[in-house]
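Coordinate inspection notes
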Protein chains: 2
Amino acid sequence: MLDEVDLEQLKSSLCCGKLMKDPDTLEKYSRDMGGFYRMPSAVAVAECVEDVSRVMRFCNERRIPVTAWGAGSSLTGAVVSDSLILDLSRLDKILKIDATNYYVHVEAGVVLENLNKELEKHGFFFPPDPASSFICTVGGAVAEGSGGLRCVKYGTVKDWVLALKVVLADGSVVVVGEPLAKNRAGYNLVQLFVGSEGTLGVIVEAWLKIAPLPDVALRRVYAVFDSWVDAGNTILEVRRSRIVPRMLEFFDNVGIEAANKLHGVLLPYGEAMLLIDVEEYRGNELPTLINILKKNKAREIRVAESEEEADKLLQIRATMYLAINALSKARIIEDVCVPIDRIIDYLAKVKELSQKYGLTIAMNGHAGDGNIHPSILYDPDNPEEVVKANEVVDELIRYSTDIGGTITGEHGVGLQKMRHLSYQLSLHNGPQVLGLMKGLKKLFDPNNILNPGKYLD
Amino acid sequence: MLDEVDLEQLKSSLCCGKLMKDPDTLEKYSRDMGGFYRMPSAVAVAECVEDVSRVMRFCNERRIPVTAWGAGSSLTGAVVSDSLILDLSRLDKILKIDATNYYVHVEAGVVLENLNKELEKHGFFFPPDPASSFICTVGGAVAEGSGGLRCVKYGTVKDWVLALKVVLADGSVVVVGEPLAKNRAGYNLVQLFVGSEGTLGVIVEAWLKIAPLPDVALRRVYAVFDSWVDAGNTILEVRRSRIVPRMLEFFDNVGIEAANKLHGVLLPYGEAMLLIDVEEYRGNELPTLINILKKNKAREIRVAESEEEADKLLQIRATMYLAINALSKARIIEDVCVPIDRIIDYLAKVKELSQKYGLTIAMNGHAGDGNIHPSILYDPDNPEEVVKANEVVDELIRYSTDIGGTITGEHGVGLQKMRHLSYQLSLHNGPQVLGLMKGLKKLFDPNNILNPGKYLD
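Residues numbered from 1 in each chain as written. Chains lettered and ligands numbered in written order. Predicted model: local features only at pLDDT ≥ 70, side-chain atom pairs only at ≥ 80, totals over all residues. Heavy atoms only, no water.

In the nomenclature of an unreviewed UniProt entry, chain A corresponds to FAD-binding protein from the organism Caldiarchaeum subterraneum. The record in UniProt for chain A states the following under Cofactor (unreviewed entry): "FAD". (UniProt positions renumbered as here; feature names shortened; annotations may be inferred.)

If you want it as structure tokens, here you go:
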């Protein structure tokens, strides 16, 4: 799609960025964290907003597809492309931390963890914390509408975006939203871009809400169960008790064993484990939680006694991804999210599918949101297992949407779930909704050059 | 636009609702709470979603404008029309309170105050609290994206909507969003309808997030200042101290006097007053606040000692609207919202305009959001004052947008601010943004029958 002449012209039209097409670079940009693969024709690395605008104008005129790239940490193929990759990671400046209006103004390439380190100095934080915070960029997190551990209390990225600077398909630079506590001027275009996965425009700057760091201590609790049903009932009872924990995570026996192997620690063995943060000031939260755990037959309940112990537990959670990766040559990470009151049925369905297909499925994730991620382990060199793994995904997604859940809680659609997206929309929303979404895409990107072949396409 | 034949046909097409056009009914629906006036041709009162669908299908085929109506509590003319009013207030059922998934599923006509009374029985609440909560409906609050007193801590209505059932312009019934803690399936259409003021579809049901009632007591503080500059500095310092109050309201001397007159109470006289809620568990919040107040020369600082005293103060705030109304034959309520760090400049500008035009301008509202409402008092029988009042509005809006504020924080655009909306969009957002918004309108309502002549029109 990009011939040599195009490339030369594009290169000379850049303001300060560079264009690359050597095999090593192309290889580096060919794969995301979910293992999705497309070999790009070239990579443009933007150094300023003007670069992004020129790339878009150039590509729009010539109908060349463009896929924006932050850190490549998508799990669904949202950032891979066989055409042009537009890397925004060099736009990495924190432009303003506003401690009166409670927002931060940043460029799209700022890494979330770096942002939080800087905010901490001012007594603030940006609550959504995707597991990939150590590399993922603001632009990516906004384009994906990402979630994370703390989202059970604070909501996901979508709840923290005030305004965006966006380069539209034709290269024009606009701002949507306002960096204000309140704004009702016109339709909410901000939330169209959040979660649009680079299909409506290229996000180059963001004004994000920030929150004062909580001035109360956390108590981090873990509990191990002999039965995942008891763990499931605990999740339900925590919700019904109206405790709002800052974290409520679930792991099954596969995860516990994998973590013990990776870290050389000795998490007590059990069928399931919960990791829960409650705030200390709420006099009754910790005792209420302990009562619920006991009532639901938690075998071992432990409240972390030191900051080190608490940090260690969080680290185990944060690296669960790697621990499970080490168990198998390949795996599919699922992201369905179900109504929380159906969580036991959902866990049972996963057990059933694991038995039916003879595949190990590790379960870990955000129990308090109904968003426990199944990891379907398989051998990619065994064609039968590959087929089975994909059948598990299909059954799981069908089941989850049939009980009122969604195909994706926080990872998005990308290449992975295009088919499933239409299934969910037609089942839950009505046939006109997909049409309206396609109309939106056409309005913002009439030539279909923004990350085509994904999402609704 | 609606002739007798149309009316007869529309009447017979209704499922269980009724159609009215007697003069008393028309008169009743001709005016909103902001005093905007249009005499409708007829009023259809829906009794079920099917009625709404049939009305829309009928009107779409015949290009008859339809304006949805909840309680008529708009302050900007968003609900008045010279064509057909579609009253949704009879769709007033609470369909489900889900204490595990933390949402409530309601019909559009449910009154916010009634919803909160019901939720309280289950230990929950719906945080956004427009001053009109005692009459305003869920559908109206969502269509307006309303704010309120508690929004300084909890955000506005937009932050609490999970999903909506909407009747589109052609009569088809769709659901947008999912009643789930997390959902990333497709573009966020929910937030397009929030704040769209009935121009994209008719909201008939909503799934709203709810929150557990806080289990900590409030301390309600009021403080009176001899200088509004000191009150302004207090607002800034509260923000910078990273206290997040549950309420942070400002009144000026006009409001204090009006309240004393209405309630026969004796609020101490001063140039400005702040009313602030802090939560008791945060050991340091109350003493920090008192220190800030003292440092900024608050003359009288009082922490409400009883629930009655606290309730009385809130009642004074809630009825400030009526108290100020009683001072003058007419007034314009403004809704600009400015960056919080510009609040002193903004107050100074209002003082300047009041002197320049010789009109009383009462200031009261949500100081913690930068959204203090000016009430411009004038005599509607004095043509010169009418002109002046409108000039004040224009200057104020121009000033606020020029310093980075918005024309509307929570009341919306309606008839009142169409001109100002384009000003703000072209100043802050770029010329393409208005075009995209118009494209959205065309996509959802190709025949322009949904509340036309307002908003972007």
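That covers the picture; the talk isn't over yet.
1. Observations regarding the UniProt feature "domain: FAD-binding PCMH-type" (unreviewed entry) in chain A
This chain's UniProt record puts "domain: FAD-binding PCMH-type" (unreviewed entry) on residues 36–213 of chain A. Summarising residues 36–213 of chain A: 22% helix, 26% strand, and an end-to-end C-alpha distance of 37 Å. (Helix = DSSP H or I, 4+ residues; strand = E, 2+ residues; numbered from the N terminus.)

2. Some details on the interface of chain B and chain A
Counting from both sides, the interface comprises 85 residues of chain B and, opposite them, 85 residues of chain A. Together, the buried faces of chain B and chain A total about 6,700 Å²; carbon and sulfur atoms form 57% of this surface. Sorting the residues of chain B by area buried against chain A places K182, R184 and Y187 of chain B first, and these three jointly supply 16% of that buried surface. E144 of chain B is the salt-bridge partner of R184 of chain A, the closest N and O atoms lying 3.8 Å from each other. Here chain B is connected to chain A by 42 residue pairs in polar contact (both at pLDDT 80 or more). Elements with a minimum of two residues in the side of chain B that touches chain A: β9 (173–177), α7 (190–193), α8 (228–240), α15 (418–429) and α16 (431–444) of chain B. Considering every element that reaches the side of chain B that touches chain A, the biggest residue donor is α16 of chain B, with 9 residues. The residue makeup of the side of chain B that touches chain A, split by class, is 37 nonpolar, 31 polar and 17 charged. (Contact = heavy atoms within 4.5 Å. Buried area = accessible area lost by both parts, 1.4 Å probe. Salt bridge = Lys/Arg side-chain N within 4 Å of Asp/Glu carboxyl O. Polar contact = N/O pair within 3.5 Å; in protein donor to acceptor, adjacent residues only side chain to side chain. Nonpolar A, V, L, I, M, F, W, Y, C, P; charged D, E, K, R; others polar.)

3. Structural notes on the domain arrangement of chain A
Often, the extent of an interface is quoted as the loss of accessible area on bringing the components together. Residue and element names in this part refer to chain A. On domain assignment, one finds that chain A holds domain 1 (4–87), domain 2 (94–212) and domain 3 (218–403). Using only C-alpha atoms to locate each centre, domain 2 and domain 3 end up separated by 28 Å. Taken together, the 7 residues of domain 2 in the interface contact 12 residues of domain 3. Across the domain 2 to domain 3 interface the summed buried area is about 840 Å²; carbon plus sulfur atoms make up 60%. The largest share of the area that domain 2 buries against domain 3 comes from L149, V152 and K153, three residues that together contribute 75% of it. The interface formed by domain 2 and domain 3 includes 1 salt bridge. Between E279 and K153 there is a salt bridge, with its nearest N and O atoms 3.8 Å apart. For the interface between domain 2 and domain 3, the tally reads 0 residue pairs in polar contact (both at pLDDT 80 or more). (Domains from an automatic or database assignment.)

4. Digging into the pairing of β9 of chain B
All names here are of chain B. The pairing of strand β8 (residues 161–167) with β9 spans 5 bridges and is classified as antiparallel. Residue pairing in the sheet places A163 in a bridge with G177 of β9. Between the end of β8 and the start of β9, which pair antiparallel, lie 5 residues, with G171 showing a positive phi angle near 95 degrees. (Pairing = 2+ DSSP bridges.)

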